[in-house]
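The lines below spell out each chain.
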Amino acid sequence: MSSSFLSADNEMPVRLAAFQRLEALTRLHGPELDWELLRPGFVFRGETYLFATRAKGIFRPRQMRGSALSIKTIVPRGNREVPYDDAAEDSYKGIFTYRLEGQDPRNHANQLLEQAYRQQTPLIYFLGTRPGRYKPLWPMYIADFNPQDLKCKVVKLGTDDLSWMAASGPALHDAEAGADFIRRQYVTVQTKKRLHQALFRARVLHAYERRCAVCLLPHEPLLHAAHIRPDSDELGEATVQNGLALCLLHHGAFDADLMGIQPDGHIELSPTLREARGTPMNECAFQAFAGKRIYIPNRQEHQPSAQFLEERYHRFLQQAA
């Protein structure tokens with residue numbers, strides 16, 4: 001089929017088709033996708049459109065004429081430097097900072113972003129979690145565009161927010177502008193925890209080579225990133241040093257203070273688990289690991305904080321007393 005080039009005004013169906021394909025992919029493969037799953041793109045009206053390319057951080061398919069369809073942040077392999085400081089910290093606040101391309105804010109790619117900002121068109125953010133792997137976030141909106149600083153702010157809105165925008169019509173740009181800003185801030189807070197947890201899980205599981213630190217179970221769908229200092233704690237940082245890769249069973253026991261981890265990494269069981277008799281599951285899943293040391297990543301910056309472990313172990317002892 002010959003390419004059917006779309007005007008900017010008629011491109012929303014293409015964006016929705018892209019969102020629907022990503023929804024299907026993440027439902028089948030999980031919230032993080034390998035590049036090979038994304039590379040083929042998606043089909044709209046019998047024609048294949050690309051989501052993105054490896055070479056471009058700001059991307060618009062050749063068939064489109066409007067603003068960018070997607071932006072991308074990569075995690076380089078090995079010791080290569082990150083080309084841009086995208087989303088370095090603001091992701092934990094629920095707002096992403098995205099670096100414009102190059103040094104000219106008026107180049108073609110940056111104009112695609114500015115157009116997305118001025119028209120408030122939804123796009124996709126492929127957030128790199130490790131080399132060749134991305135967490136797609138959609139629909140994303142450019143909330144602020146700062147050509148002087150070569151940066152823009154990107155926020156995520158939910159399906160309900162899209163419906164609200166469609167119902168608001170032109171009034172959104174005048175009398176409702178203040179309400180829209182407040183609504184965006186509210187949605188940002190609502191999505192904060194989910195984004196925070198997704199990045200935290202990706203980094204912790206990567207550090208622990210996608211194995212449970214207690215039983216070495218290597219099946220990623222059954223692994224969690226457990227906080228040593230709870231994420232509800234004011235000091236519960238989303239850093240690898242505050243995380244442990246644990247399977248569902250051992251994460252549950254750790255959170256319930258039925259299993260403690262000493263500051264040197266040795267496993268201790270509560271009296272409830274330690275003294276239980278006649279239950280093969282308990283003996284195999286818990287008692288077999290009592291006194292053994294958890295798996296510790298080789299890289300020092302990925303190792304759990306001894307201070308955090310000591311604080312958490314003290315809580316375990318209080319609960320076990």
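Residues numbered from 1 in each chain as written. Predicted model: local features only at pLDDT ≥ 70, side-chain atom pairs only at ≥ 80, totals over all residues. Heavy atoms only, no water.

Enquirer: Would you explain helix 9 (residues 306-320) in this entry?
Expert: What sets the pattern is the α-helix's 3.6 residues per turn: residues three or four places apart point alike. Between its terminal C-alpha atoms helix 9 stretches 20 Å, which fits the 21 Å expected from 15 residues at 1.5 Å a residue. Within helix 9, burial applies to F308, L309, R312, Y313 and F316. Summarising the axial view, the buried residues of helix 9 lie within an arc of 130°, below the 170-degree limit, and thus occupy one face. Of the exposed residues in helix 9, those oriented more than 90 degrees away from the buried face are E310 and Q318. Buried positions along helix 9 lie against strand 10 (223-227), helix 6 (248-255), strand 12 (259-261) and strand 13 (267-269). Two or three places before Q307, at the opening of helix 9, S305 has a side-chain oxygen 3.3 Å from that residue's backbone nitrogen. (Helix = DSSP H or I, 4+ residues; strand = E, 2+ residues; numbered from the N terminus. Expected span 1.5 Å × (residues − 1). Buried < 20%, exposed > 50% of the residue type's maximum accessible area, 1.4 Å probe, protein only. Arc of directions from axis to C-beta. Contact = heavy atoms within 4.5 Å. Polar contact = N/O pair within 3.5 Å; in protein donor to acceptor, adjacent residues only side chain to side chain.)

Enquirer: Help me out: how do you make sense of the packing of aromatic side chains in this one?
Expert: Pairs of aromatic rings are described using the distance from one ring centre to the other and the angle between the two planes. For the structure on display, the rule yields 10 aromatic pairs. An angle of 65° between the planes, with centres 6.1 Å apart, marks the rings of W35 and Y134 as edge-to-face. Taken together, the residues W35 in helix 2 (residues 35-38) and Y134 in strand 8 (residues 133-146) connect sequence positions 99 residues apart. Accessibility expressed as a relative area gives 6% for W35, which makes it buried. Seen in terms of ring centroids, Y98 and Y125 are 5.9 Å apart; in terms of plane orientation they differ by 90°. Their pairing is edge-to-face. One end of the pair, Y98, is in strand 6 (residues 96-99); the other, Y125, is in strand 7 (residues 123-130), and 27 residues separate them in sequence. For the pair formed by Y98 and Y125, the shared burial category is buried. The positively charged end of R312 is found above the aromatic ring belonging to F254, 4.2 Å away from the centroid. (Phe/Tyr/Trp six-rings, centres within 6.5 Å; stacked < 30°, edge-to-face > 60°. Lys NZ or Arg CZ within 6 Å of the ring centre and 35° of its normal.)

Enquirer: Honestly, the pairing of strand 6 in this entry has me stumped. Any pointers?
Expert: Moving residue by residue along a regular strand, the side chains alternate between the two faces of the sheet. Side-chain alternation along strand 6 places F96 and Y98 on one buried face and T97 and R99 on a second face that is also buried. Summarising the sheet, strand 6 and strand 9 (residues 151-156) pair through 4 bridges and their orientation is antiparallel. Bridging from a neighbouring strand, Y98 pairs with C152 of strand 9. (Pairing = 2+ DSSP bridges.)

Enquirer: So what exactly am I meant to see when it comes to the confidence of the model for the protein here?
Expert: Atom-level detail of predicted coordinates should not be read off regions where pLDDT is low. When pLDDT is averaged across the protein, the result is 80; 76% of the residues are at 70 or more. No element of the protein has a lower mean pLDDT than helix 4 (residues 159-168), which averages 40, and none a higher one than strand 4 (residues 58-59), which averages 96. Contacts for the low-pLDDT stretch residues 1-7, under 50 throughout, to residues beyond four places or in other chains number 19 contacts. (pLDDT = per-residue confidence, 0-100.)

Enquirer: Honestly, the nonpolar core in this entry has me stumped. Any pointers?
Expert: As a rule of thumb, soluble globular proteins bury nonpolar side chains together. Counting 33 residues, the largest nonpolar core has Y208, V214, L244, L246 and I294 as its most contacted members. Mapped onto this core, the elements with two or more residues apiece are helix 5 (177-207), strand 10, strand 11 (243-247), helix 6, strand 12, strand 13 and helix 9. Leave out the neighbours within four places in its chain, and Y208 touches A213, G243, L244, A245, Y295, P297, H302 and P304. A68, A116, L123 and I142 belong to the second-largest nonpolar core, a separate cluster that totals 21 residues. (Core = buried A, V, L, I, M, F, W, Y, C linked by side-chain atoms within 4.5 Å.)

Enquirer: I would appreciate a short explanation of helix 3 (residues 108-119) in the present structure.
Expert: For helix 3, built from 12 residues, the straight-helix expectation of 16 Å at 1.5 Å per residue is met to within 8% by its first-to-last C-alpha distance of 16 Å. The secondary structure elements touched by the buried residues of helix 3 are strand 4, strand 5 (70-73), strand 6, strand 7, strand 8 and strand 9. Capping the start of helix 3 is the job of one residue whose side-chain oxygen sits 3.2 Å from the backbone nitrogen of A109: N107. Of the residues one or two after helix 3, Q120 is the one with positive phi, at around 55°.

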